[in-house]
Structure formats: C-alpha cells, structure tokens
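Spelled out from the first residue to the last, the chains are:
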2 protein chains.
Amino acid sequence: MSPIAFSGALIDRADHVRGDPDALASFINWKARLLQLDGLDPRIGVDGRLAWTSLADAAPDSDLIFLGLERTDAGERGCFAELPAKRHQDGEPYANPNLWTALSSLSSDELAIYGAARALKDWHNRHGFCARCGHETQMAKGGWQRSCANCGAEHFPRVDPVTIMLAEFDGKLLLGRQPRFPPRRFSALAGFVEPGESIEEAVARELFEEAGVRVRDVRYIVSQPWPFPSSLMIACTSTALYDALTIDTNELDEARWFTREEVAAAMAGDEAAPFIAPPPFAVAHSLLKWWLEQ
Amino acid sequence: MSPIAFSGALIDRADHVRGDPDALASFINWKARLLQLDGLDPRIGVDGRLAWTSLADAAPDSDLIFLGLERTDAGERGCFAELPAKRHQDGEPYANPNLWTALSSLSSDELAIYGAARALKDWHNRHGFCARCGHETQMAKGGWQRSCANCGAEHFPRVDPVTIMLAEFDGKLLLGRQPRFPPRRFSALAGFVEPGESIEEAVARELFEEAGVRVRDVRYIVSQPWPFPSSLMIACTSTALYDALTIDTNELDEARWFTREEVAAAMAGDEAAPFIAPPPFAVAHSLLKWWLEQ
C-alpha cells in the first residue's frame, strides 16, 4: 500500500525526553527548529514545504510543544511548535478551502509532522481547564500532558478512534455524501467508535444507522491519524447482506452503490465519472485504491 | 476467533433515541431495567449474572444513562444505569481483586453491557466541568454527551485507542510483565496511540520504547473495548528484526521470549508453565490463542 498521508513522520517522538525536564531543556537551543503555524493552519515556504524558523521567533510568553528529535549531520536537534499564551479560537477546518489546497502540496511525512503539531495545539487550545474540578491546568511533559495543581488530575491528548468503511455487495461499493462535502464528492461512510464496542461492531452499527445496511465479515485494512481535530481513522471493508438502502438524512445527503468501473473512473479523475473521489491525503482514497487493486 | 470479552452486547444502542428527548422519555417507564453497580463495579445476582432492578430503585436526584434498547416478547424496553448526583471517587481497578473475580464469572455479552456502563459512568464522574472554559457541564443525550451552558462546548465520551501487540522472532514470542501484574503473569506489551501516528507506527514505537526491539510487518488481528477506564484495545502482531532486548524499567519489570510450547503450557493453565497467561476476558488472551492456532 502507498504511504498513508499524515503518517510516517521522519522524527523520533523521544518519549524519554518529554518526561525529563533537564533533557527537554537541553534541546531548547539555537539548533532547534520551530514549526510555523498560522493559528492551526500550516505555513508553506517558497520551496513548497512546511516553513520552519528558530526558537528565537517564539514569543517570550509562549509555551513550547516538543514534537520530537530530528537526526542531522551535526547530531540531534529538537523540533517544536509554539503555543501562544493567548488561545486562538479556530474556525471549522472543513469550511476553509485554503487549508485543503495547502495540504495537497505537502508530502505524507510533512503532513505527519504538521498533523501531530496541529492536533496537539488544538487540544491545548480547547483543554485549558480541568474536566474533573474546573480549575486552570498547566502544560507538562513538553506538551504531551496537562496537569491540574488543584486536584492533581493528569490529562493526556485525546485521540478519537473513528471507523471508515466500505460495504461491498455483488461487486458494487457503497459510498455516501456528507452534507459538508464539496459538490459531487462521495466517500466511504464513517463514524466514531463508542465506549463498549469493538472496531468491528462500530463498523456494522454505523453502516446500519447511516444507510440501513447489515454487513458481515468486517475486515481491517489500514489506519491513519487525522488531525481534524484528532482522530485515528480505522479503515475497514465489509460485505453487505443486501443492497436496499435506508439513508439517515441527518448524517448523509445521499448514499449509492457504485460499480468497479465507476470507482475507477472517479479515482482516475475522469471528468465523465459519476462522482469526485476523496483527495489523496484522505484515508478513504487509500481504501478505494486498495479495493480497486483487489 | 472465539467471542471477544466486553464486545457483543445484546442490546441496540439506539442512537436515534438518545438525541430525541420525547423518545428517550417514552422508555423511562415501569418496563425499563436498571443495571446495578457498586460504584463502578458490577453487582452479581444469585444466578451469577449481572443484577438488574427497575427504575424505581434510582434515587430521585440521579441522572439516568441510556445504555440502549433490549427486545423482549413484550416489545422493546430501555436499559439504563444510574449516575448519582454525588460523584463517586473510585479507586484503581487494577488494585481490586474482587473486581477481577466478578468479571471472570460473566459471559462476554454481559461483560459488554457492563463495560459500556462502567466506561460511561466513570467518564461522567471525571468530566463534570468544561475543559474549554472551566464551568460545570450537564449530561445530555441520555448520557452520551455533556454540554456546557456557559461556552456552548459539547463533550463526548472519551475512547482511548491502545495498541497491544505480539512480536515474533524465530518462532518465539515477546511478552512482558508490567509492575502492577500479579506474580508470574506475562502478557503482550501495550501502549496508547498518540496524536499523529497510525496504529502500525504506534505498535513499532511502543515495542522499541519498552523493549528495544525493531519490528516489521505489523498486522492487525482483533479489537476489544476495555473499560478500565475506556480504551479501545487494538491487538496486532509483528515480526522482530532481532531478539536483543533493552527493557524500559519504568514501564516493564521484565520482558522475555517464550517458545510455542511455553505459551501453550501457560494458556492451558499448566502449573509447570514458566508464566501465568492473561485471563480469558483480556484481549491478550485472545491474541495468544490466535497465535497458537497459526
């Protein structure tokens, strides 16, 4: 399978550094790199890659999020993102077309570094208070924890597991349109895994809830970290027991069965295709590509 | 593969009921069942099964968590758990041997209902305040959401994806001992998936961090919801590149390679086995069973 976007970062997360204040401080130096973000969005340099500067560009009252260590000819250097003291209130990413254009220009390993930074910064922005007691919390462990001095609670960055899945019936594939999708886009159905259910159960439940389809033989294919805001996309396939659809119109504008030829045309970007495929950085794209190769 | 404990609940989660106050109210009646919990622990009836009573047993100032609908000969009935107004501060589940004895007596579908109820109740207990603004939040959608009247934030039950994995080298399997394990217990290594990494990357990172082992060919096997406090266990296997171990003693007391015969003896409960296998309700048990059957 080709590289999955938002995974494969070429830095070492160096967990042992996060929890060791002396080690962490030793990487806050002139060699360190600071990822440039506009709010939560990536800043792209003239070379078309992620823009980095040095820690000198961080505001004195900012916190630094430790993204990890990068190996260079001159040894290891720290990679950081800045968390300004004043929290940024960000808009809905799916309503920001410039973001998606910027993402399309980045390689999968650059997307991975950006995705981790975005997910962490966004988590801090939205978790400044202790969910257990309501007091303000402080960043700890290089940004991989927030601690409450009042009640002692430790809070960790949230990752929400989401299933995204194909259902196949008689050689045809079920795809749907969420209301927020651009015109003519169809993609795999998806939904959050809830407490008390397995991946396989979540896949079956979502397909029944959203499209009225019962499935068997749910099978895991691939996973992807998705930083909007911080999901773990778990891509699966399944076999539908019938092709009658009952659409939940709160979740989907439309769902339809597509033939192999129709999916192939959409993935090839054919103008005559009956729909527009998800973009290459979405795991649904990888999932459709996998299906065509079967 | 045999049933996975904590999955396969025989109730319909009925998402459409949660968000519809009238529909939800219509199931709060004399037919409804109330799951009995002692704090977060299950109460076991004289028949050795989960104890249920009616909603008449809920305190007037309790909130009700809607677990789902159960089909009976007399139609559907609601299943609920009680969230007392006074939050219970629960101890560490792993330090409570009575809990593990109780779990051993329950079937996998009963464990699934209990697990969902425990995870939700625990989440409410630990999330009474808005992480975004610090104000108190209120339960919504039958317990599947908390809402902040101050800033408008909506909070959803947390599910933390955790990888749990085998590494194989030359026919031998890597297992480890966490400090909190009972004497002689060895199990699969495990660790949380972080923002910005795929399942496959998390498996490789954890095995290197905890045991110093590099792996290839990470492969998904099975998943399990684990309600301590609310994880999604994602069980994988992998192939190690070498068998030299470097143990992270903060995470593990010990890690060792075991032969197929040694694993088989432990899984059979043989007293002469070199270790005690994880209990049947742990996904590590299913993973070891799968490996022996390969």
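Structure shown above.
A brief structural summary.

Criteria and cut-off values
Residues numbered from 1 in each chain as written. Chains lettered and ligands numbered in written order. Predicted model: local features only at pLDDT ≥ 70, side-chain atom pairs only at ≥ 80, totals over all residues. Heavy atoms only, no water. Helix = DSSP H or I, 4+ residues; strand = E, 2+ residues; numbered from the N terminus. Buried < 20%, exposed > 50% of the residue type's maximum accessible area, 1.4 Å probe, protein only. Contact = heavy atoms within 4.5 Å. Areas by Shrake-Rupley, 256 points an atom, 1.4 Å probe, with all protein chains shown as cover. Lys, Arg positive; Asp, Glu negative; His and termini not counted. Charge placed at Lys NZ, Arg CZ, Asp CG, Glu CD. Phe/Tyr/Trp six-rings, centres within 6.5 Å; stacked < 30°, edge-to-face > 60°. Axes fitted to C-alpha atoms, helices over the stretch in contact; angles between N-to-C directions. Parallel < 35°, antiparallel > 145°, perpendicular 65-115°, else oblique. Left-handed = near helix turned anticlockwise from the far one by under 90°. Least-squares fit on C-alpha atoms with pLDDT ≥ 70 in both. 1 Å grid on protein atoms, 1.4 Å probe; cavity = no way out; pocket = protein on both sides within 12 Å on 5 of 7 lines; lining within 4 Å. Points joined across faces, edges and corners; volume = space filled by probe spheres on them. Nonpolar A, V, L, I, M, F, W, Y, C, P; charged D, E, K, R; others polar. Pairing = 2+ DSSP bridges. Salt bridge = Lys/Arg side-chain N within 4 Å of Asp/Glu carboxyl O. Buried area = accessible area lost by both parts, 1.4 Å probe. Polar contact = N/O pair within 3.5 Å; in protein donor to acceptor, adjacent residues only side chain to side chain.

### Points about the overall build of chain A
Here's step 1: Per the secondary structure count, chain A includes seven helices and 16 strands.
Here's step 2: Here the C-alpha coordinates of chain A stretch approximately 60 × 45 × 30 Å along the principal axes.
Here's step 3: Considering chain A as a whole, with its 294 residues, one finds that 55% of them fall into the buried category.
Here's step 4: Partitioning the contacts of chain A with sequence separation of at least 6, the portion at a separation of at least 24 is 63%.
Here's step 5: About 12,800 Å² of surface is accessible on chain A, with carbon and sulfur atoms providing 51% of the total.
Here's step 6: The averaged location of the 42 negative side-chain charges in chain A is 2 Å from the averaged location of its 29 positive side-chain charges.

### Some words on the packing of aromatic side chains
Residue and element names in this part refer to chain A.
Here's step 1: Counting across every chain of the model gives 31 aromatic pairs over all chains.
Here's step 2: Taking 4.9 Å as the distance between ring centres and 75° as the angle between the ring planes, the aromatic pair formed by Trp-226 and Phe-228 counts as edge-to-face.
Here's step 3: What makes Trp-226 buried here is its relative accessible area of 11%.
Here's step 4: Phe-228 gets classed as buried once you look at its relative accessible area, which sits at 5%.

### Observations regarding the packing of helix H6 (residues 260-267) of chain B against helix H7 (residues 283-293) of chain B
The relative placement of two packed helices is expressed as an angle between their axes plus a distance between the axes.
Residues and elements named next belong to chain B.
Here's step 1: Running from N to C, H6 and H7 point in directions that differ by 130°, and their axes come no closer than 10 Å. As summarised for this structure, H6 and H7 are arranged oblique, according to the angle between their axes. Of the two possible hands of crossing, H6 and H7 adopt the one that is left-handed. Across the interface between the two elements, Arg-260, Val-263, Ala-264 and Met-267 from H6 touch His-285, Leu-288, Lys-289, Trp-291 and Leu-292 from H7.

### Remarks on the side chain of Ser-7 of chain B
Here's step 1: Within the secondary structure layout, Ser-7 of chain B lies in the segment before helix H1 (15-18).
Here's step 2: You can call Ser-7 of chain B buried: its relative accessible area is 12%.
Here's step 3: Residues within four places of Ser-7 of chain B in sequence aside, it is in contact with Ser-198 and Glu-201 of chain A together with Ser-108, Asp-109, Ala-112 and Pro-225 of chain B.

### A look at the relation of the copies chain B and chain A
Here's step 1: Its rotation angle being 180°, the transformation that places chain B on chain A also includes 0.0 Å of axial translation and leaves an RMSD of 0.0 Å. In short, the pair behaves as if placed about a two-fold rotation axis. By C-alpha distance to the rotation axis, the residue of chain B lying nearest is Gly-134 of chain B, at 2.1 Å.
Here's step 2: A share of 100% of the interface residues of chain B reappears at the interface of chain A, consistent with the copies meeting face to face through the same patch.

### Some thoughts on the layout of surface pockets
Here's step 1: Considering only enclosed or pocket space, the second largest pocket measures out at about 530 Å³ in volume.
Here's step 2: Lining the second largest pocket are 23 residues, and of these Tyr-220, Ile-221 and Val-222 of chain A together with Glu-200 and Tyr-220 of chain B lie nearest its centre.
Here's step 3: When contributions to the lining of the second largest pocket are tallied by element, the ones reaching two or more residues are strand S14 (215-226) of chain A together with helix H5 (199-211) and strand S14 (215-226) of chain B.
Here's step 4: Of all the elements, S14 of chain A adds the most residues to the lining of the second largest pocket, at six residues.
Here's step 5: Split by residue class, the lining of the second largest pocket holds 13 nonpolar, five polar and five charged.

### Focus on the sheet that holds strand S7 (residues 138-140) of chain B
Here's step 1: Taken together, the three strands give an open sheet; going across it, the order is S7-S8-S9 (chain B), and neighbouring strands pair in antiparallel fashion. Among the strands making up the open sheet, the edge pair consists of S7 and strand S9 (154-155) of chain B.

### Quick word on the sheet that holds strand S4 (residues 52-53) of chain B
Residue and element names in this part refer to chain B.
Here's step 1: The strand order across the open sheet built from four strands is S4-S1-S6-S5, with neighbouring strands paired in mixed fashion. This sheet does not close on itself; its edge strands, each paired only once, are S4 and strand S5 (63-72).
Here's step 2: Where strand S1 (residues 33-35) meets S4, two bridges bridge the pair, whose relative direction is antiparallel. In the sheet register, Leu-34 faces S4, and the bridge partner there is Thr-53.

### Quick word on the pattern of salt bridges
Here's step 1: Taken as a whole, this structure holds 34 salt bridges over all chains when the rule is applied.
Here's step 2: As a salt-bridge pair, Glu-194 of chain B and Arg-18 of chain A come within 2.6 Å of each other at their nearest N and O atoms. A residue pair is termed interchain when its members come from two chains, as with Glu-194 of chain B in the loop between strand S13 (189-192) and H5 and Arg-18 of chain A in helix H1 (residues 15-18).
Here's step 3: Note on Glu-194 of chain B: relative accessible area 11%, which makes it buried.
Here's step 4: Across the pair Asp-160 of chain A and Arg-158 of chain A runs a salt bridge, and its minimum N-O distance is 2.8 Å.
Here's step 5: Members of the salt-bridge network, linked through shared partners, are Arg-13, Asp-15 and Arg-18 of chain A together with Glu-194, Glu-197, Arg-205, Glu-206 and Glu-209 of chain B.

### What to know about the pairing of S5 of chain B
Residues and elements named next belong to chain B.
Here's step 1: Sheet topology note: the S5/strand S6 (residues 75-83) ladder contains nine bridges and is antiparallel. Paired with Phe-66 across the bridge in S6 is Phe-80.
Here's step 2: Counted between consecutive antiparallel strands, the loop separating S5 from S6 contains two residues.

### A look at empty space enclosed by the protein
Here's step 1: Counted according to the given criterion, the structure contains one cavity of 30 Å³ or more.
Here's step 2: Quantified by volume, the largest cavity comes out at close to 50 Å³.
Here's step 3: In terms of lining, the largest cavity is formed by 14 residues, of which the most central are Pro-225, Trp-226 and Ser-231 of chain A together with Pro-195 and Gly-196 of chain B.
Here's step 4: Those elements that provide at least two residues to the lining of the largest cavity are helix H4 (108-126), S14 and strand S15 (231-240) of chain A.
Here's step 5: Here the lining of the largest cavity is composed, by residue class, of eight nonpolar, four polar and two charged.

### Points about the interface of chain B and chain A
Here's step 1: Counting from both sides, the interface comprises 43 residues of chain B and, opposite them, 43 residues of chain A.
Here's step 2: Buried surface at the junction of chain B and chain A, summed over both partners, amounts to about 3,600 Å²; 56% is from carbon and sulfur atoms.
Here's step 3: The tally of links from chain B across to chain A stands at six salt bridges.
Here's step 4: Viewed at the interface, chain A and chain B are joined by 24 residue pairs in polar contact (both at pLDDT 80 or more).
Here's step 5: Contributing elements (two or more residues each) for the side of chain B that touches chain A: H1, helix H4 (108-126), strand S10 (160-165), H5, S14 and strand S15 (231-240) of chain B.
Here's step 6: Examining the composition of the side of chain B that touches chain A, we find that five residues originate from one element, H5 of chain B, more than from any other.
Here's step 7: Residues that form the side of chain B that touches chain A fall into these classes: 21 nonpolar, nine polar and 13 charged.

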